[in-house]
There are 2 protein chains.
Amino acid sequence: MNYIAKPVGSFYKDSACEFVVWAPQREQVSLIINDKTYPLRKDDLGYWSATIKEAGPGTQYKYQLDGDKILPDPASRAQTQGVHGPSSVVDPEFNWNDSDWMGIPLGEMIMYELHVGTFTKEGTFASIIPKLPYLKDLGVNAIELMPVAQFPGSRNWGYDGVYPFAVQDSYGGVKGLKELVNECHRQGIAVVQDVVYNHLGPEGNYLSEYGPYFTDKYKTNWGKAINYDDAWCDGVRSYYWQNALMWLDEFHIDGLRLDAVHAIWDVSSKHFIDELRMKVRQLEQETGRKKVLIAEFDLNNPRYISSPEKGGYGLDGQWVDEFHHALRSLITEDYSGYYEDFGTAKHLAKAFKDSYVYTGEYSKHRKKFFGSYPETNTFDQFVVFSQNHDQVGNRMLGDRLTHNISYEALKLAAAAVILSPYVPMLFMGEEYGEKNPFQYFISHTDKELVELVRKGRKEEFSYFKWEGEVPDPQGEETFKQCILSWNYEKDEKSNTLLSFYKRLISIRKGSRALQNKQRQSLNILFVDDATKVI
Amino acid sequence: MNYIAKPVGSFYKDSACEFVVWAPQREQVSLIINDKTYPLRKDDLGYWSATIKEAGPGTQYKYQLDGDKILPDPASRAQTQGVHGPSSVVDPEFNWNDSDWMGIPLGEMIMYELHVGTFTKEGTFASIIPKLPYLKDLGVNAIELMPVAQFPGSRNWGYDGVYPFAVQDSYGGVKGLKELVNECHRQGIAVVQDVVYNHLGPEGNYLSEYGPYFTDKYKTNWGKAINYDDAWCDGVRSYYWQNALMWLDEFHIDGLRLDAVHAIWDVSSKHFIDELRMKVRQLEQETGRKKVLIAEFDLNNPRYISSPEKGGYGLDGQWVDEFHHALRSLITEDYSGYYEDFGTAKHLAKAFKDSYVYTGEYSKHRKKFFGSYPETNTFDQFVVFSQNHDQVGNRMLGDRLTHNISYEALKLAAAAVILSPYVPMLFMGEEYGEKNPFQYFISHTDKELVELVRKGRKEEFSYFKWEGEVPDPQGEETFKQCILSWNYEKDEKSNTLLSFYKRLISIRKGSRALQNKQRQSLNILFVDDATKVI
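Residues numbered from 1 in each chain as written. Chains lettered and ligands numbered in written order. Predicted model: local features only at pLDDT ≥ 70, side-chain atom pairs only at ≥ 80, totals over all residues. Heavy atoms only, no water.

Provide a residue-level description of the overall build of chain A, including the pertinent values.
Helix and strand content of chain A: 14 helices and 23 strands. Its C-alpha atoms give chain A a radius of gyration of 23 Å, near enough to 24 Å, the size a compact globule of 534 residues would have. Viewed in the frame of its principal axes, chain A has a C-alpha envelope of about 75 × 50 × 50 Å. Expressed as a percentage of the 534 residues in chain A, the buried residues total 64%. Across chain A, the fraction of contacts at a sequence separation of at least 24, relative to all contacts at a separation of at least 6, is 73%. Just so you have it, chain A exposes about 20800 Å², and 48% of that area is on carbon and sulfur atoms. Computing the positive centroid from 60 side-chain charges and the negative centroid from 74, chain A places the two 3 Å apart. (Helix = DSSP H or I, 4+ residues; strand = E, 2+ residues; numbered from the N terminus. Rg over C-alpha atoms; globule rule 2.2 N^0.38 Å. Buried < 20%, exposed > 50% of the residue type's maximum accessible area, 1.4 Å probe, protein only. Contact = heavy atoms within 4.5 Å. Areas by Shrake-Rupley, 256 points an atom, 1.4 Å probe, with all protein chains shown as cover. Lys, Arg positive; Asp, Glu negative; His and termini not counted. Charge placed at Lys NZ, Arg CZ, Asp CG, Glu CD.)

Summarise the interface of chain A and chain B; cite the residues concerned and give the values.
Taken together, the contact between chain A and chain B spans 34 residues of the former and 34 residues of the latter. Approximately 2700 Å² of surface area, both sides summed, lies buried where chain A meets chain B, with 57% of it carried by carbon and sulfur atoms. Where chain A touches chain B, the interface holds zero salt bridges. Linking chain A with chain B are twelve residue pairs in polar contact (both at pLDDT 80 or more), by the criterion used here. Going through the elements one at a time, strand S15 (214-220), helix H5 (233-250) and strand S21 (368-370) of chain A are the ones with two or more residues in the side of chain A that touches chain B. Sort the elements by how many residues they give to the side of chain A that touches chain B and S15(A) lands first, with four residues. (Buried area = accessible area lost by both parts, 1.4 Å probe. Salt bridge = Lys/Arg side-chain N within 4 Å of Asp/Glu carboxyl O. Polar contact = N/O pair within 3.5 Å; in protein donor to acceptor, adjacent residues only side chain to side chain.)

Which residues make up the packing of aromatic side chains, and what values go with them?
Residue and element names in this part refer to chain A. Applying the stated criterion across every chain yields a total of 78 aromatic pairs over all chains. Measuring from ring centre to ring centre gives 6.1 Å for Tyr 112 and Phe 119, while their planes differ by 80 degrees; the resulting arrangement is edge-to-face. Using a relative accessible area of 0% as the deciding quantity, one classes Tyr 112 as buried. Overall, Phe 119 belongs to the buried group, its relative accessible area being 0%. Taking the centre distance of 5.8 Å and the plane angle of 90 degrees together, the rings of Phe 342 and Tyr 358 count as edge-to-face. Of the two residues, Phe 342 sits in the loop between helix H7 (321-332) and helix H8 (345-354) while Tyr 358 sits in the loop between H8 and strand S20 (361-363), which places them 16 residues apart along the sequence. (Phe/Tyr/Trp six-rings, centres within 6.5 Å; stacked < 30°, edge-to-face > 60°.)

Mind laying out the packing of helix H7 (residues 321-332) of chain B against helix H8 (residues 345-354) of chain B, listing which residues take part and the relevant values?
All names here are of chain B. Their axes nearest at 9 Å, the elements H7 and H8 cross at an angle of 150 degrees. Regarding the angle of H7 to H8, the classification is roughly antiparallel. The two elements H7 and H8 cross, and the hand of that crossing is left-handed. Contacts between H7 and H8 pair Phe 323, Ala 326, Leu 327 and Leu 330 from the former with Ala 345, His 347, Leu 348, Ala 351 and Phe 352 from the latter. Class assignment of the residues belonging to the contact of H7 with H8 gives a composition of eight nonpolar, one polar and no charged. (Axes fitted to C-alpha atoms, helices over the stretch in contact; angles between N-to-C directions. Parallel < 35°, antiparallel > 145°, perpendicular 65-115°, else oblique. Left-handed = near helix turned anticlockwise from the far one by under 90°. Nonpolar A, V, L, I, M, F, W, Y, C, P; charged D, E, K, R; others polar.)

Please give an account of helix H11 (residues 407-418) of chain A that cites residues and values.
Residues and elements named next belong to chain A. In this model H11 runs 17 Å from its N-terminal to its C-terminal C-alpha over twelve residues, within 8% of the 16 Å that 1.5 Å per residue would give. Counting buried positions along H11 yields nine of twelve residues, so the element is predominantly enclosed. Residues of H11 that are buried include every one of Tyr 407, Ala 409, Leu 410, Lys 411, Ala 413, Ala 414, Ala 416, Val 417 and Ile 418, and no others. Check the buried side of H11 and you find it contacts H7, H8, strand S22 (382-384), helix H10 (401-404), strand S23 (423-427) and helix H14 (492-510). (Expected span 1.5 Å × (residues − 1).)

Residues and numbers for the pattern of salt bridges, please.
Residues and elements named next belong to chain B. Under the criterion given, the structure shown has 68 salt bridges over all chains. For Asp 194, the salt bridge goes to Arg 257, with nearest N and O atoms at 3.0 Å. With a gap of 63 residues between them, Asp 194 in strand S14 (residues 190-195) and Arg 257 in strand S17 (residues 255-258) connect regions that are remote in the sequence. Taking relative accessible area as the criterion, Asp 194 reaches 2% and is therefore assigned buried. Owing to a relative accessible area of 0%, Arg 257 belongs among the buried residues under this scheme. Across the pair Glu 451 and Arg 454 runs a salt bridge whose closest N-O atoms are separated by 2.5 Å. Pair noted here: Glu 451 and Arg 454 are both in helix H12 (residues 447-460), with a separation of three residues, about one helical turn. Glu 451 gets classed as partly exposed once you look at its relative accessible area, which sits at 45%. Classification of Arg 454 as partly exposed rests on a relative accessible area of 26%.

Can you tell me about the nonpolar core, naming the residues and giving the values?
Within the largest apolar cluster, 151 residues are counted, with the highest numbers of intra-cluster contacts made by Phe19(B), Tyr112(B), Ile143(B), Leu145(B), Tyr197(B), Trp247(B) and Leu256(B). Both domain 1 (9-88) and domain 2 (94-317) of chain B contribute no fewer than three residues apiece to this core. Not counting residues up to four positions away in its chain, the partners in contact with Ile143(B) are Tyr112(B), Leu114(B), Leu135(B), Cys184(B), Ile189(B), Ala190(B), Val191(B) and Val192(B). Core analysis: the second largest hydrophobic core is formed by 150 residues, Ala23(A), Leu40(A), Val384(A) and Trp486(A) among them. (Core = buried A, V, L, I, M, F, W, Y, C linked by side-chain atoms within 4.5 Å. Domains from an automatic or database assignment.)

Now, about unusual backbone geometry: what can you tell me, with residues and values included?
Of note in the backbone geometry, Asn300(A) takes a positive phi value of approximately 45 degrees without being a glycine. Relative to the helices and strands, Asn300(A) is located in the loop between strand S18 (292-295) and strand S19 (317-319). A residue is classified by how much of its surface remains accessible, and Asn300(A), at 6% relative accessible area, is buried. Unusually for a residue other than glycine, His252(B) sits at a positive phi of about 60 degrees. With respect to the secondary-structure elements, His252(B) resides in the loop between helix H5 (233-250) and S17. Assessed through its relative accessible area of 13%, His252(B) is described here as buried.

Please provide a residue-by-residue account of the pairing of S23(A), values included.
Residue and element names in this part refer to chain A. Taking burial as the measure, the five residues of S23 include five buried ones, the bulk of the element. Side chains of S23 alternate between two faces, with Val 423, Met 425 and Phe 427 and Pro 424 and Leu 426 buried alike. Note that strand S10 (residues 111-114) and S23 share three bridges and pair parallel. Residue Met 111 lies in a different strand from S23, and its bridge partner there is Met 425. Two elements, S22 and S23, share two bridges in a ladder whose sense is parallel. Looking across to S23, one finds that Val 384 is bridged to Pro 424. (Pairing = 2+ DSSP bridges.)

Can you explain the relation of the copies chain A and chain B? Please cite residues and give values.
Rotating chain A by 180 degrees and moving it 0.0 Å along the rotation axis overlays it on chain B with an RMSD of 0.0 Å. Here the two chains are linked by the operation of a two-fold rotation axis. Looking at chain A, 100% of its interface residues are interface residues in chain B too, so the copies touch through the same face. (Least-squares fit on C-alpha atoms with pLDDT ≥ 70 in both.)

Could you give me a rundown of helix H6 (residues 272-287) of chain A, with the residues and numbers involved?
Residues and elements named next belong to chain A. Counted at 1.5 Å a residue, the expected span for H6 with its 16 residues is 22 Å, and the 23 Å between its end C-alpha atoms agrees. Buried within H6 are the following residues: Phe 272, Ile 273, Asp 274, Glu 275, Leu 276, Arg 277, Val 280, Leu 283 and Glu 284. At the C-terminal side of H6, Gly 288 shows a positive phi close to 70 degrees.

Report on empty space enclosed by the protein, specifying residues and quantitative values.
Here the idea is plain: a probe the size of a water molecule rolls over the atoms and shows the empty space left. Summed over the entire model, instances satisfying the criterion amount to eleven cavities of 30 Å³ or more. Empty space within the largest cavity amounts to approximately 500 Å³. Around the largest cavity, the lining comprises 31 residues; the ones closest to its centre are Asp266(A), Val267(A), Tyr313(A), Asp266(B) and Tyr313(B). (1 Å grid on protein atoms, 1.4 Å probe; cavity = no way out; pocket = protein on both sides within 12 Å on 5 of 7 lines; lining within 4 Å. Points joined across faces, edges and corners; volume = space filled by probe spheres on them.)

So what's going on with the sheet that holds strand S23 (residues 423-427) of chain B? Residues and values would help.
Residues and elements named next belong to chain B. Strands sit in the order S10-S11-S14-S17-S18-S19-S22-S23 around a closed barrel of eight strands; the barrel is parallel. In this sheet, adjacent strand axes meet at a mean angle of 30 degrees when their direction is disregarded. Sheet topology note: the strand S11 (residues 142-145)/S14 ladder contains four bridges and is parallel. Bridge pairing in S14 links Glu 144 to Val 192.

Remember, this is a structural readout, not a statement about activity or role.
In structure tokens, the structure reads:
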């Protein structure tokens, strides 16, 4: 048997719609549209399908499993009535006018992470478009969208998504995202999409009804581990690499930021991340457009970003949290929680020189020797930041660096990131010293779940010596407080900071020295810990 | 802090004994000898130690943890009163006379797997020595001992060992094993030791009282997974690589067969298997003796045996069960259980040509596409067999191939293994068609555990369509039935088979063609399935 992974979802084309759903252990799967039932046919690999003439764009549908439960499509492209409602057939037509766009290599990106829901008051894709000239003027050439896969309710960071193929309806859905990407490309801005392939959110997650999407072999911090290597894993693997190709191909997205790949457990002879990279490289060849793959992981293991010839998984790059920790603990003098492993100028010098701070040294916090030196990896494989959604939002009060350090220190932090040999990433608003926090927020409908999240947040901060009350994650006010103020124009300091950021980015772009990516080409002159001069 | 892993155990030298035990989370650890208590001192990494003048070889000792439980040493070298009794200081002196011995590379080995307890009536190391001329005459130049680490009772395959550093007392302990190795080397025979680094047995396992040896992150089929990558893992990792070096250095053992390495879970940037290989290669350099590392694993993942330059873990070789399955299912026409993935001449031809049968094809039994092609690996990295302890002993009745196929087919199986391009391994007694079975046996003292094992064995066979009663694993008779009969002299057919094995081995040794290890140099002419000609 050859492996023909069927594209999953509903595909409208030539006045008919093909419905494909993977449910390998089910005996009977039917499609339900307006109380009418259509039987599906199963193939050898467990894909059920049928082509239905009368189902045009906008058609609402569900599947019935073994004559019992009636559920939305795991590969739904739209959930216009939320995560528990029916799935929708979408219109594949879109007038792209970015045919000249070729993408941007990671090493040339000036990244800007943003959360669609709080970037503007409207919280939509459409409302980002008027801000693009501002970003362009700032010098940013790549925006990174926090996850936009359909999540429960309208307030969520996105990591609780339960329909990896559906674009969050409250943000503007499929059409809204395509319009944003199209306009970004027209203005010379790349779009990187944050995607979550290590878990699904807790509410509206019906995947296990359809098939063995999850496994008990491993544990994750956020729920059941996804089945990448156990019996029936191929349907799951192809579900996720199809998802990657959907963003990169159908939506013209320029790159993916793969959330917490250390929680993608896979002992197959070909790791899922390696397989994903191969599929994406193939797409690059077909389209002639650069597609960037960036991993987030907490392993200090260069294998993920090393070349396949050296046994690596060949990703373009990775986030490097340790740079942040070294920088932040040094300038804030906060040594609580996991910052206990950082805090001296030596740590920051190591972050500048070796990309990882821990390359085999003993970590007090982890209680083990940790990490390997990324000897063969170039500087432009590492994305650095002084703030990001996690490092701000996972503080108890979601307080930004603006609240923690002096105005002059803010400039220092900006320079450390932007003039580093790495790929700099800003977190929305930091460039003008936004004072509104970025807190953790949800809008689940399951009350028990809400209580669990509230409890979990409180426990999460027990490590740190932070004072005060944890904001209610479910509260609408918590969300509203996080919307960017955009008040830089009224505030002189904000305005000056913004100009400073622009100047730094412009220096970076103009300096050839800062574009030298070879590890051997950099010398760090470490003076001493007391004066904190590097 | 630099990592100085202390050698763990008790070391008698210059009329004093140094005691070292790792217990990083304990507040107080004392040594107890003859009701006398000696306090130990703790270092930064959690190693407790003291040097005691009056403790000579034979001294029995235990440790007391935080003034409470009194337990044997996890790195005990001898348990003369069984797994629950005190540990013993051993005499390090031994008159080796194998200084000319340089070891044998894996590719030149003709291996012979044996279980010490049933190889002879006496069931000891000493009783193997008189059989060495027989093995030499057969053509064997490497014996592989099933695990000899101290296990509960006197009847066990060895995979229930709970003192990785102690040599099973009923087999003859430290001295018995050294004498066997010394004599093997004198007669030109290498000794490979089977070691279990993926779990500990269920009875007499006190390790978790001492430290975080185990982790809940992963699951194994045989009990708690060993902590190779979580907090405090360094003490565990060094415990096991020290163990490897003990066998290879102190006992002059020539190689290790690493049991089920797929159950050694480790996401560190340096996998434990990779670290172990580095330690062993260093020992090779220091001693000038070849040390062979062979892994057992069920992943068809060449990474374990590929070169470190290609991102591999660099082991010398591996067992390849799929060769066995392809051969066995073809000649026995047994397609039950996991044999459903095999059974045609095509499968066997694939095993001959590609080393793995599954190099990316769909496996019906595993319900997934499985394996990768070991393109860069040479033939002499794969150990093959038509029988071994698992393939015989994990049949319900422990019935050998002798019981399942005709006399002529036995010869065919022997030729398939011995004239293969791989490293052949015989299972004790197969060379003369031993008719005594090799069943599963234990001698636990914990009654509940015995019941669990009995139940487990019954369940294990539900996949297969085997008839009859499962022999009682705890019964002494079950064990006794497995002792080799050695009756080849009285039986003409046995005698002829033995001669046939000798002749095959001699042909293998004499043929240059069979010593060509390059993958590109072999052609398999597959004729067709119906005639079963390859």
